[in-house]
Amino acid sequence: NVRIIWDVIKILKGKKTQIVLYTYDSILLDYSEENILEDIKQTFEKYKLKVKLTTGKNYGAMALLQ
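Residues numbered from 1 in each chain as written. Predicted model: local features only at pLDDT ≥ 70, side-chain atom pairs only at ≥ 80, totals over all residues. Heavy atoms only, no water.

Caption draft 1: Just the packing of helix 1 (residues 2-12) against helix 2 (residues 36-46), in detail. Interaxial distance between helix 1 and helix 2 falls to 10 Å at its minimum, and their mutual angle equals 160 degrees. As summarised for this structure, helix 1 and helix 2 are arranged roughly antiparallel, according to the angle between their axes. Helix 1 and helix 2 meet at a crossing whose hand is right-handed. Seen from helix 1, the contacting residues are I4, D7, V8, I11 and L12; seen from helix 2, they are I36, D39, I40, T43, F44 and K46. Considering only residue class, the contact of helix 1 with helix 2 consists of seven nonpolar, one polar and three charged. (Axes fitted to C-alpha atoms, helices over the stretch in contact; angles between N-to-C directions. Helix = DSSP H or I, 4+ residues; strand = E, 2+ residues; numbered from the N terminus. Parallel < 35°, antiparallel > 145°, perpendicular 65-115°, else oblique. Left-handed = near helix turned anticlockwise from the far one by under 90°. Contact = heavy atoms within 4.5 Å. Nonpolar A, V, L, I, M, F, W, Y, C, P; charged D, E, K, R; others polar.)

Structure (structure tokens):
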């Protein structure tokens, strides 16, 4: 997991998007650039992990991102 987080931190360097919460199986981001999500998704897939993206104005309003 440390390698994945390190890769994500490198992607976020110089961006407005920030990691808000990290747990053993998920990362919660406060993001401003929607196209950055694809780069982060590819990072998880590089390590052969399943990826499910959700988005919403707040944590309670999260919905699956297609």
